[in-house]
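What the coordinates show
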Protein chains: 2
Amino acid sequence: MAQETPQLNLSGERFRAIYHLAGPRDEAEARAHDICLEQTVEFPEDLIPRQDIREQILGRVTAFEAIAEDRFQATIDFPIETAGEELTQLLNVLFGNISIKPGYRLARFHLPDSLLAHHTGPRFGRPGLRQIVGVDDRPLLSTAIKPMGLSPQELAEYAYQFALGGIDLIKDDHGLADQSFCRFADRVRLLSDAVARANAETGMHCLYLPNVTAPVDQIVDRARSARQAGAGGCLISPGLAGFDAMRRVAADDEADLPIMCHPAMLGSFTMDPAGGIAHGALYGQICRLAGADAVIFPNYGGRFSFSQSECRDIVRGATCSMGHLPPILPAPAGGMKLDRAAELCAFYGKESVLLIGGDLHRHGPDLAENCRRLARLVQEHSA
Amino acid sequence: MAQETPQLNLSGERFRAIYHLAGPRDEAEARAHDICLEQTVEFPEDLIPRQDIREQILGRVTAFEAIAEDRFQATIDFPIETAGEELTQLLNVLFGNISIKPGYRLARFHLPDSLLAHHTGPRFGRPGLRQIVGVDDRPLLSTAIKPMGLSPQELAEYAYQFALGGIDLIKDDHGLADQSFCRFADRVRLLSDAVARANAETGMHCLYLPNVTAPVDQIVDRARSARQAGAGGCLISPGLAGFDAMRRVAADDEADLPIMCHPAMLGSFTMDPAGGIAHGALYGQICRLAGADAVIFPNYGGRFSFSQSECRDIVRGATCSMGHLPPILPAPAGGMKLDRAAELCAFYGKESVLLIGGDLHRHGPDLAENCRRLARLVQEHSA
């Protein structure tokens with residue numbers, strides 16, 4: 001092997017990830033050191049065959065501090081070249097193997113422009129999405145078309161009422177795929193038409209966002225056909241389809257649709273407070289990097305279990321500086337109720353999407369009127 | 001809406017999922033009931049607008065029993081139609097929204113042939129992979145090409161030595177993607193050639209499996225180009241690329257390659273003992289459904305933290321009856337050492353792949369000889 005030893009000649013540019021590590025201190029320090037190896041060479045340090053690999057490829061701990069009892073924060077940087085030019089490999093360096101070890105939590109990360117140049121990110125972002133719906137002085141209003149089991153015709157009638165009542169973003173429930181009792185093509189056609197009809201009456205720009213979560217060889221086609229049918233955006237669950245499948249749709253010039261991102265099957269990443277990926281890094285930064293324009297997550301105090309500070313962390317990840325990537329809209333959801341509108345406006349401010357599902361059906365049979373009531377509440381509390 | 005009410009006319013065929021739910025009993029019962037709604041209609045039960053939806057679409061608890069203190073097992077069945085014809089939506093019904101709620105763990109599942117008919121599963125499975133490598137009397141031997149930072153030429157020399165020494169499956173380290181210092185195309189060409197050269201000397205049928213984990217619009221092309229370059233299989237990390245991306249490669253007639261599945265970024269699913277997805281359901285059943293022919297997981301007693309019983313659960317999931325899907329090979333890995341060969345042969349039996357990485361470099365500079373030593377140990381303990 002020794003006849004001609006190549007030399008790495010990396011740029012020296014590095015990206016930075018912040019991890020929260022379980023302690024005591026010596027164990028947390030060992031974890032920080034382990035990340036440097038496990039996420040790059042995955043090889044016993046003493047056996048690394050070339051000095052330049054040791055010097056240039058390994059992660060490096062640049063800061064280490066206690067943040068709570070038996071909990072430490074390590075800042076680790078990696079050469080941008082280890083992440084290649086692909087989201088899949090960037091995720092691998094950030095949290096591939098250490099996902100399998102207890103006591104390692106990815107808290108957040110910072111990518112230099114040289115690395116972000118390989119990532120197109122959100123196609124519209126907050127400013128683009130606001131421009132399309134023509135609303136900039138209040139939170140956007142959203143609801144979901146459900147329950148599963150209704151026919152496309154019935155769902156279209158719901159969509160019409162919602163759009164008539166002033167909802168901005170009407171998304172499919174994430175469980176509506178392409179089932180025999182509600183085919184994607186029929187649904188998209190009927191609901192796009194219904195929303196267009198309502199828009200013609202109201203003068204608003206409500207968007208219908210069908211769920212295009214699908215096999216990787218169909219997802220782009222579904223997004224394109226949704227656009228052709230008149231849909232104004234789409235819904236994707238990257239936990240089901242893969243983050244890169246969402247990225248691919250966001251990058252598609254022919255589909256050219258804003259994306260709402262749904263959290264289905266992502267929950268396990270945040271469940272273990274000592275491990276996994278922090279809420280802001282996952283729902284904020286990673287979903288944004290993967291092309292979401294708005295990111296749905298379970299609001300505090302609903303039927304899920306996120307805390308206020310976890311929700312704040314998502315807002316941070318959705319809006320923090322990430323080079324050329326625009327901020328995206330946080331979309332709290334999950335058992336939300338009309339009577340919390342004032343509270344939610346106060347907590348999230350206007351730069352949010354308020355997603356209210358089942359509760360819009362609870363206030364009498366006139367869905368449009370229920371939506372108007374929500375719209376009035378939100379308008380009132382956004383002044 | 002009432003002018004003409006359509007009626008669902010589902011087949012009545014249902015698939016079954018087993019969940020472990022945190023208790024006490026009344027809470028666990030509430031969780032079981034919640035799954036029936038949350039994973040299908042995601043709608044308040046009292047507001048479901050049609051009786052046939054209530055009767056035909058919802059999940060049903062068919063068994064409920066205590067399995068430990070404050071821990072209950074619920075068997076829940078769902079109409080096959082809710083899962084559509086797609087892996088993405090099947091995953092959604094099994095564990096989409098409830099992934100975000102604490103205290104719900106998917107333990108295992110059973111799919112009827114009518115649902116499995118939509119899923120091609122492993123292209124080769126255990127019998128097919130054994131036939132290609134021409135070994136049926138012992139565990140297969142595997143190692144990883146690393147560390148990241150070596151040139152394709154250097155990695156090819158390692159691969160040659162490993163193949164010469166009797167390794168059956170030589171895979172890329174999962175961190176080798178398409179980085180500037182080690183391009184995919186160069187690596188695949190050189191390593192495929194190196195392994196072919198060794199095979200010509202040994203008369204064995206060692207396979208080289210490059211890592212094709214990549215953006216969704218490139219992964220199939222990488223697998224096809226790997227085959228064209230002479231690679232005998234490929235490595236995919238579904239946690240990075242998405243389960244359906246692996247499924248797509250497995251289904252590709254032009255690539256036609258056995259797949260080893262790597263656990264990168266899947267770790268969070270099993271980390272919370274009260275939540276997530278059980279080891280056997282995730283690494284066994286779901287990876288198998290998504291087309292893996294062999295599944296890599298962290299062995300007990302290595303540098304990761306799986307227990308013996310969790311490893312046994314993976315073997316169960318890899319080999320249990322799943323209709324037309326062949327069994328696949330469990331591939332324990334992660335800090336494995338030569339001196340554990342006897343123990344591993346006893347624990348896993350011959351129907352396994354023993355994956356030893358860094359430790360093959362620890363026993364002197366003659367890698368081929370180190371491999372021969374491993375092969376002798378395994379042969380001896382597989383008699």
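Residues numbered from 1 in each chain as written. Chains lettered and ligands numbered in written order. Predicted model: local features only at pLDDT ≥ 70, side-chain atom pairs only at ≥ 80, totals over all residues. Heavy atoms only, no water.

**Observations concerning the overall build of chain A**
Along its length, chain A carries 15 helices and 13 strands. For 383 residues, the compact-globule estimate of 2.2 N^0.38 gives 21 Å, and chain A sits close to it at 23 Å. Seen along its three principal axes, the alpha-carbon backbone of chain A occupies a region of about 75 × 45 × 35 Å. By the burial criterion, 67% of the 383 residues in chain A qualify as buried. Sequence separation of at least 24 residues holds for 75% of the intrachain contacts in chain A that already meet a minimum separation of 6. (Helix = DSSP H or I, 4+ residues; strand = E, 2+ residues; numbered from the N terminus. Rg over C-alpha atoms; globule rule 2.2 N^0.38 Å. Buried < 20%, exposed > 50% of the residue type's maximum accessible area, 1.4 Å probe, protein only. Contact = heavy atoms within 4.5 Å.)

**Here we look at the pattern of salt bridges**
Where charged atoms of side chains with opposite charge meet at close range, the side chains can pair. Using the criterion set out here, one finds 63 salt bridges over all chains in the structure. Across the pair D172(A) and R187(A) runs a salt bridge, and its minimum N-O distance is 2.9 Å. Remark: R187(A) occurs in helix α7 (residues 184-202) and D172(A) occurs in strand β6 (residues 169-172); sequence separation between them is 15 residues. No difference in accessibility class separates D172(A) from R187(A), as the two residues are buried. A salt bridge links D256(B) to R227(B); the nearest nitrogen and oxygen atoms lie 3.9 Å apart. Taken together, the positions of D256(B) in the loop between α10 (243-250) and β9 (259-261) and R227(B) in helix α8 (residues 219-229) put the pair 29 residues apart, joining distant regions of the chain. For D256(B), a relative accessible area of 25% gives the class partly exposed. By relative accessible area, which is 38% here, R227(B) ends up partly exposed. Through salt bridges with shared partners, a single ionic network connects D217(A), R224(B), D244(B), R247(B), R248(B), D252(B) and E254(B). (Salt bridge = Lys/Arg side-chain N within 4 Å of Asp/Glu carboxyl O.)

**Here we look at the sheet that holds strand β7 (residues 207-209) of chain A**
By way of backbone hydrogen bonds, the strands of a sheet pair with one another, either parallel or antiparallel. All names here are of chain A. Strands sit in the order β7-β6-β5-β13 across an open sheet of 4 strands; the sheet is parallel. Of all the strands in the sheet, the pair left with one neighbour each is β7 and β13 (353-355). Pairs of neighbouring strands in the sheet enclose a mean axial angle of 25 degrees, with direction left out of account. Summarising the sheet, β6 and β7 pair through 3 bridges and their orientation is parallel. Residue pairing in the sheet places L169 in a bridge with L207 of β7. Across the sheet, helix α6 (residues 152-164) is in contact with β5 (140-145) and β6; its angle to β5 comes to roughly 165 degrees. Set on the sheet, α7 makes contact with β5, β6 and β7; between it and β7 the angle comes to about 165 degrees. (Pairing = 2+ DSSP bridges. Axes fitted to C-alpha atoms, helices over the stretch in contact; angles between N-to-C directions.)

**What to know about the relation of the copies chain A and chain B**
Once turned by 180 degrees and shifted 0.0 Å along the axis, chain A lies on chain B with an RMSD of 0.0 Å. When the rotation and shift are considered jointly, the pair of chain copies conforms to a two-fold rotation axis. No C-alpha of chain A lies nearer the rotation axis than that of G242(A), which sits 2.0 Å from it. Looking at chain A, 100% of its interface residues are interface residues in chain B too, so the copies touch through the same face. (Least-squares fit on C-alpha atoms with pLDDT ≥ 70 in both.)

**What about the environment of M204(B)?**
Residues and elements named next belong to chain B. Counting through the fold element by element, M204 comes out in the loop between α7 (184-202) and β7 (207-209). Each C-alpha atom of the pair M204 and V135 lies 9.3 Å from the other, and the pair is 69 residues apart in sequence. If sequence neighbours within four positions are ignored, M204 has contacts with R138, G166, I167, D168 and N199.

**Notes on the pairing of strand β12 (residues 329-333) of chain B**
All names here are of chain B. Counted residue by residue, β12 has 5 buried out of 5 residues, so it is predominantly covered. Side chains of β12 alternate between two faces, with L329, A331 and A333 and P330 and P332 buried alike. Two elements, strand β11 (residues 294-298) and β12, share 5 bridges in a ladder whose sense is parallel. Its bridge partner being in β12, I296 is matched across the sheet by A331.

**Description of the interface of chain A and chain B**
On the side of chain B, 86 residues touch chain A, which itself brings 86 residues to the contact. Summing both sides of the interface, chain A and chain B together bury roughly 7600 Å²; the carbon and sulfur share of this comes to 62%. The tally of links from chain A across to chain B stands at 14 salt bridges. One salt bridge in this structure joins E86(B) and R222(A), with 2.4 Å as the shortest N-O distance. The interface formed by chain A and chain B contains 32 residue pairs in polar contact (both at pLDDT 80 or more). Elements with a minimum of two residues in the side of chain A that touches chain B: α3 (87-95), α6, α9 (238-241), α10 (243-250), α11 (268-271) and β10 (276-277) of chain A. (Buried area = accessible area lost by both parts, 1.4 Å probe. Polar contact = N/O pair within 3.5 Å; in protein donor to acceptor, adjacent residues only side chain to side chain.)

**Concerning the confidence of the model for chain A**
Of all residues in chain A, 99% attain a pLDDT of 70 or more, and the chain-wide mean is 96. Scored by ipTM, the complex comes to 0.97, with pTM at 0.98. (pLDDT = per-residue confidence, 0-100.)

**Concerning the environment of A368(A)**
Residues and elements named next belong to chain A. As for its position among the elements, A368 is in helix α15 (residues 367-381). For A368, a relative accessible area of 2% corresponds to the buried category. Here the alpha-carbon distance between A368 and Y158, two residues 210 residues apart in the chain, equals 8.8 Å. Leave out the neighbours within four places in its chain, and A368 touches Q161, L164 and G165.

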